[in-house]
Amino acid sequence: MIRVGNGFDVHQLVEGRKCIIGGVTIPYEKGLLGHSDADVLLHAISDAILGALGLGDIGKHFPDTAEEYKDADSLVLLKRVWQLATERGYKLGNADSTIIAQKPKMLPYIPQMVEIIASALDAQPDQVNVKATTTEQLGFTGRGEGIAAQSVVCLIRDVLK
Ligand SMILES: Nc1ccn([C@@H]2O[C@H](COP(=O)(O)O)[C@@H](O)[C@H]2O)c(=O)n1
Ligand SMILES: C[C@@]1(CO)OP(=O)(O)OP(=O)(O)OC[C@H]1O
């Protein structure tokens, strides 16, 4: 059986916060604001997995009103989401994501993001693709006010004959 899910997330860029995307801390003058570490890419992937499983979204599983998720490491949250998939017998087919950011330049950090995400999802790096695009200075991403990410995942489970 194959199931597909999509995820989308946005976090505001502010001074005084780390810029953590795909589990990588990127040197930049601003960082992402959130209740957790605000890793916009890992949130989008988590939501895509939950979507494929029909299990809602990360806000439902990890409420931003709960003290236990304050400054949470989103890689830990992604691994907890992935456990929901594996305990239902799913493996990753592939995951494809796009980071939407005017700045900073993501390209140098993408191989490390791919390694981190693949490892969290018990997958090989060639099952995980991460892309980046600007919005040509248009909109909130183009003005550098925030960063968005969108993801699609395909989960695969053997069906007993
Ligand atoms: N934050 C970003 C945005 C883009 N890239 C890379 O640059 C290429 C060109 O971007 P356009 O928005 O002008 O199409 C894009 O394909 C990415 O490879 C990036 O590294 N970081
Ligand atoms: C991850 C959680 C939980 O700490 O908080 P945020 O970092 O604010 O992220 P968001 O994508 O707005 O929502 C999911 C949350 O419940």
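Keep in mind it's a predicted model, so treat the numbers as computed, not measured. (Residues numbered from 1 in each chain as written. Chains lettered and ligands numbered in written order. Predicted model: local features only at pLDDT ≥ 70, side-chain atom pairs only at ≥ 80, totals over all residues. Heavy atoms only, no water.)

## Examining unusual backbone geometry
Then step 1. Note that the residue after Lys103, namely Pro104, is joined by a cis bond; omega there is -5°.
Then step 2. If you trace the backbone, Pro104 turns up in the loop between strand 5 (91–100) and helix 4 (110–120).
Then step 3. Of note in this structure, Ala38 is not a glycine but carries a positive phi near 65°.
Then step 4. By the element assignment, Ala38 lies in the loop between strand 4 (31–32) and helix 1 (40–53).
Then step 5. Look at Asp122: it is not a glycine, yet its phi comes out positive at around 50°.
Then step 6. Along the chain, Asp122 falls in the loop between helix 4 and strand 6 (128–133).
Then step 7. With a relative accessible area of 61%, Asp122 lands in the exposed category. (Helix = DSSP H or I, 4+ residues; strand = E, 2+ residues; numbered from the N terminus. Buried < 20%, exposed > 50% of the residue type's maximum accessible area, 1.4 Å probe, protein only.)

## Notes on the sheet that holds strand 6
Then step 1. Read across the sheet, 5 strands follow the order 4-1-7-5-6 without closing on themselves; strand pairing throughout is mixed. Taken across any chain shown, the strands that pair with only one partner, and hence form the sheet edges, are strand 4 and strand 6.
Then step 2. Contacts from helix 1 reach strand 1 (2–14), strand 4, strand 5, strand 6 and strand 7 (146–156), with the element oriented near 155° to strand 1. (Pairing = 2+ DSSP bridges. Contact = heavy atoms within 4.5 Å. Axes fitted to C-alpha atoms, helices over the stretch in contact; angles between N-to-C directions.)

## Describing the packing of helix 1 against helix 3 (residues 74–86)
Then step 1. One can describe the packing of helix 1 onto helix 3 by two numbers: an axis separation of 9 Å at closest approach and a directional angle of 15°. As the angle between them shows, helix 1 and helix 3 are arranged roughly parallel. As helix 1 packs across helix 3, the resulting crossing turns out to be left-handed. Listed contacts from helix 3 to Leu42, His43, Ile45, Ser46, Ile49, Leu50 and Leu53 of helix 1 are Ser74, Leu75, Leu78, Val81, Trp82, Leu84 and Ala85.
Then step 2. Residues belonging to the contact of helix 1 with helix 3 are distributed by class as follows: 11 nonpolar, 3 polar and no charged. (Parallel < 35°, antiparallel > 145°, perpendicular 65-115°, else oblique. Left-handed = near helix turned anticlockwise from the far one by under 90°. Nonpolar A, V, L, I, M, F, W, Y, C, P; charged D, E, K, R; others polar.)

## Here's the deal with the pattern of salt bridges
Then step 1. Under the criterion given, the structure shown has 5 salt bridges.
Then step 2. The closest approach of N and O atoms between Asp96 and Lys131, which form a salt bridge, is 2.8 Å. Here Lys131 lies in strand 6 and Asp96 lies in strand 5, a separation of 35 residues in the sequence.
Then step 3. Judged by relative accessible area, Asp96 falls into the partly exposed class, the value being 30%.
Then step 4. A relative accessible area of 32% places Lys131 in the partly exposed class.
Then step 5. Of the charged contacts, one joins Glu145 and Arg143 as a salt bridge, the two residues approaching to 2.8 Å between their closest N and O atoms.
Then step 6. What you see here is one network of salt bridges that share partners, running through Arg17, Lys70 and Asp71. (Salt bridge = Lys/Arg side-chain N within 4 Å of Asp/Glu carboxyl O.)

## A look at the site of ligand 2
Then step 1. Inspection of the region around ligand 2 gives Asp9, His11, Gly34, His35, Ser36, His43, Ile58, Gly59, Phe62, Pro63, Asp64 and Tyr69 as its neighbouring residues.
Then step 2. Between ligand 2 and His11 there is a distance of 3.4 Å, counted from an oxygen atom to a side-chain nitrogen or oxygen.
Then step 3. With respect to ligand 2, the backbone of Tyr69 contributes an N or O atom lying 3.4 Å from an oxygen atom.
Then step 4. Considering ligand 2 on its own, with 370 Å² of exposed area, one finds that the protein chains cover 86% of that surface. (Near = heavy atom within 4 Å. Polar contact = N/O pair within 3.5 Å; in protein donor to acceptor, adjacent residues only side chain to side chain. Areas by Shrake-Rupley, 256 points an atom, 1.4 Å probe, with all protein chains shown as cover.)

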